[in-house]
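Results of the structural survey
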Amino acid sequence: MSDKLAKLVDELSTLSVLEAADLVKMLEEKWGVSAAAPVAVAAAGAAAAAEPVEEKTEFDVVIKDAGAKKIDVIKVIRQLTSLGLGEAKTLAETAGGKVLAAVGKDAAAEAKKKLEEAGAVIVVE
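Note on numbering: residues in each chain are counted from 1, in written sequence order. For a predicted model such as this one, the threshold for reporting local features is a pLDDT of at least 70, and the threshold for listing and counting side-chain atom pairs is 80 or more; totals across whole chains, interfaces and linings nevertheless cover every residue. As a convention, hydrogens and water are excluded, and side-chain values are obtained from all of the structure's heavy atoms.

What the protein chain contains, in helices and strands, is six helices and three strands. Sorting the 125 residues of the protein chain into buried and exposed places 19% on the buried side. Here the accessible surface of atoms and residues is derived via Shrake-Rupley with a 1.4 Å probe, and residues count as covered only by protein chains that are part of the display. Here the protein chain has roughly 8,900 Å² of accessible surface; of this, 59% comes from carbon and sulfur atoms. The secondary structure listing takes helices from DSSP runs of H or I that are at least 4 residues long and strands from runs of E that are at least 2 residues long, numbered from the N terminus. Each residue's exposure class comes from its accessible area (1.4 Å probe, protein chains only) as a fraction of the maximum for that residue type: buried when under 20%, exposed when over 50%, partly exposed otherwise.

Written out as structure tokens, the structure is:
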């Protein structure tokens, strides 16, 4: 192997799995090709070494139980959403109902905290 190729291999070996995936996309776009088959073989070897974990960016706030203080939970649901009183009451009484859908991590955590303080049992999915 030439020195130039050896240096390139050394530099590519320092890339994270996500950086390598970005590099593949950039090369596919620049050259107008698809590296699906070769990448699958390379990815199989890389997956054995380190499985990439994508961080979830969107969360659903799901009510499991309104608890004993249902009126307080309904008030918080109304604060978090644009639902009317009847809709918020129905949501509070529906186990598995999504109070918020596809929200960020911080918004989901804040909503969960407020609903749990009101007495509800909440799951962030």
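There's more to say after this.
Below, the discussion takes up the sheet that holds strand 3 (residues 121–124). Pairing between two strands requires that DSSP report at least two bridges joining them. With respect to topology, three strands assemble into an open sheet ordered 2-1-3, the strand pairing being antiparallel. One side of each edge strand has no neighbouring strand; the edge strands of this open sheet are strand 2 (97–103) and strand 3. On average, each strand axis in the sheet is tilted by 20° relative to the strand beside it, whichever way the strands run. Strand direction decides the pairing type here: strand 1 (residues 59–65) and strand 2, joined by four bridges, are antiparallel. Counted as the bridge partner of Phe59 is Val103 from strand 2. In this description, a line fitted to the C-alpha atoms serves as the axis of each element, helices being fitted only across the stretch in contact, and the angle between N-to-C directions of two axes falls anywhere from 0 to 180 degrees.

So, about a nonpolar patch on the surface. Residues Leu5, Leu8, Leu12 and Leu15 make up a contiguous nonpolar surface patch of about 320 Å² in total accessible area. Summarising the element assignment, Leu15 is placed in the loop between helix 1 (3–13) and helix 2 (17–31). Within the patch definition used here, like charges are joined within 9 Å and nonpolar side chains (Val, Leu, Ile, Met, Phe, Trp, Tyr) within 5 Å, considering only residues with over 30% relative accessible area and no salt bridge. By definition here, a salt bridge exists when the distance from a side-chain nitrogen of Lys or Arg to a carboxyl oxygen of Asp or Glu is within 4 Å.

Evaluation of the coordinates by the stated rule reveals four salt bridges. In this structure, the salt-bridge partner of Lys98 is Asp60, at a minimum N-O distance of 3.2 Å. Here Lys98 is found in strand 2, whereas its partner Asp60 is found in strand 1, with 38 residues between them in sequence. Under the relative-accessibility criterion, Lys98 is labelled partly exposed at 47%. Salt-bridge contacts for Lys112 lead to Glu116; the nearest nitrogen and oxygen are separated by 3.9 Å. A residue pair is termed a helical-turn pair when its members lie 3 or 4 positions apart in one helix, as Lys112 and Glu116 do in helix 6 (residues 105–117) at four residues. Residue Lys112 is classed as partly exposed on the basis of its relative accessible area of 28%. Here Glu116 falls in the partly exposed class, since its relative accessible area comes to 38%. Where salt bridges share partners, they join Lys70, Lys89 and Glu93 into one cluster.

Counting through the fold element by element, Ala95 comes out in the loop between helix 5 (85–93) and strand 2. Assessed through its relative accessible area of 60%, Ala95 is described here as exposed. In this analysis, two residues are considered to be in contact whenever any of their non-hydrogen atoms come within 4.5 Å of each other. Each residue touching Ala95, except ones within four places of it in the same chain, is listed here: Ile63 and Lys64.

Turning our eyes to something else, we now look at the nonpolar core. Soluble globular proteins tend to pack their nonpolar side chains together in the buried interior. Val61, Ile63, Val73, Ile77, Val99 and Leu115 are the most contacted members of the largest nonpolar core, which totals 20 residues. Broken down by element, this core gets its largest block of residues, four residues, from helix 4 (residues 70–80). With residues up to four places along the chain from it excluded, the contact list for Val61 reads Gly97, Lys98, Val99, Leu100, Val103, Ala108, Ala111, Leu115, Ile122 and Val123. To define a nonpolar core, start from buried Ala, Val, Leu, Ile, Met, Phe, Trp, Tyr and Cys residues and group those joined through side-chain atoms within 4.5 Å.

Moving on, we come to the pairing of strand 1. Most of strand 1 is tucked away, with five of its seven residues classed as buried. Two elements, strand 1 and strand 3, share four bridges in a ladder whose sense is antiparallel. Bridged to Asp65 within strand 3 is Val121.

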